[in-house]
Amino acid sequence: VITLVMITSALAVMAKDGELTITPRIAYNYLIDGDSRDVVGNNYGALVDFDWYTSPIGLEAGYFYGSKTFDGAKTDTRILPVMLNYKDVLAVENLYWKVSAGVAFNEFKNVTTGVKNKDTEFAWAAAIGINLNAATSLELGYVDYGKEDSIKTGAIQANIGFAF
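Worth saying up front: this structure is predicted, and the values here are computed from it rather than measured.

**Q** Got a minute to help me understand the overall build of the protein chain in this structure?
**A** Scanning the protein chain for helices and strands turns up two helices and ten strands. Its helices and strands in sequence order give the protein chain the pattern α-β-α-β-β-β-β-β-β-β-β-β, from N to C terminus. For the protein chain, with 164 residues in total, the buried portion stands at 37%. When contacts within the protein chain are restricted to residue pairs at least 6 apart in sequence, long-range pairs at least 24 apart make up 51% of them. Summed over all atoms, the accessible surface of the protein chain reaches about 9,000 Å², with 66% contributed by carbon and sulfur.

Here it is in structure tokens:
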């Protein structure tokens, strides 16, 4: 907890000094694997991008939640990704591409039986985005937060961000 507070404080100071852009994002993941989508449903959540002005390297962290009842069993899904990303502009004005890699802390809980599976997996993503103005951007891409037993987390992700 102390380490998290120190990191957050350092990032806040950097943002205040104009060295860092913080972009909260609202996101929706549409799971590609139909069997996984049947069991856990799609998930939605929030991401936060931390981008340095002097570097194409950034940090992304988030929280996703999904819940679905299938064959009488309710499943809750929680995913917490933490990834480093590399972002660069495309030749077309206001467009950019981004690739990310890191870890995802996944939890799948069968609420009906109480069985809970937690796992830490390799996570990666690739996206294209457009800056609508200085503060607002849209992204569309593919994310993969790993696999828990037969549940695959590969998804098409759409998100909107508001930078400050």
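Now, onward.
**Q** Would you explain the pairing of strand β7 (residues 136-144) in this entry?
**A** A regular strand places its side chains on the two faces of the sheet in alternate fashion. The sheet contact formed by strand β6 (residues 116-131) and β7 spans eight bridges and is antiparallel. Of the residues in β7, the one forming a bridge with G129 is E139. One ladder, built from eight bridges, connects β7 with strand β10 (residues 155-162); its direction is antiparallel. Looking across to β10, one finds that G141 is bridged to Q157.

**Q** Please explain the nonpolar core as it appears in this structure.
**A** Note on soluble globular proteins: their nonpolar side chains tend to be buried together. Counting residues in hydrophobic clusters, the biggest one holds 15 residues, and the most contacted among them are F64 and Y145. Those elements that provide at least two residues to this core are β1 (20-31), β4 (73-89), β5 (95-110) and β6. Setting aside chain neighbours within four positions, we find F64 in contact with A27, N29, N43, Y44, G45, L47, T77, R78, I79, P81, Y145 and Q157.

**Q** Can you walk me through the confidence of the model for the protein chain in this structure?
**A** Any region with low pLDDT has predicted coordinates that should not be read closely. Per-chain confidence: the protein chain averages 85 in pLDDT, with 87% of residues scoring 70 or above. Averaged pLDDT values over the elements of the protein chain bottom out at 58 in helix α1 (residues 2-16) and peak at 95 in β7.

Parameters at a glance
- The numbering scheme is per chain: residues are counted from 1 as the chain's sequence reads.
- Only residues with pLDDT of at least 70 get local features here, since the model is predicted, and only at 80 or more are side-chain atom pairs given and counted; chain-wide, interface and lining totals rely on the full set of residues.
- Note: side-chain values were computed over all heavy atoms of the structure, leaving out hydrogens and water.
- Numbering of helices and strands runs from the N terminus; a helix is a DSSP stretch of H or I covering at least four residues, while a strand is a stretch of E covering at least two.
- Under the scheme applied here, a residue whose accessible area is under 20% of the maximum for its type counts as buried, over 50% as exposed, and between as partly exposed, the area being computed with a 1.4 Å probe on protein chains only.
- By definition, residues are in contact when any of their heavy atoms lie within 4.5 Å.
- For accessible areas, the Shrake-Rupley method is used with a probe of radius 1.4 Å. Any residue's cover is judged against the shown protein chains and nothing else.
- Pairs of strands are assigned from DSSP output, requiring at least two bridges between the strands.
- Nonpolar cores were defined as sets of buried Ala, Val, Leu, Ile, Met, Phe, Trp, Tyr and Cys residues, with membership established by side-chain atoms within 4.5 Å.
- Along the chain, pLDDT gives the predictor's confidence residue by residue, from 0 to 100.

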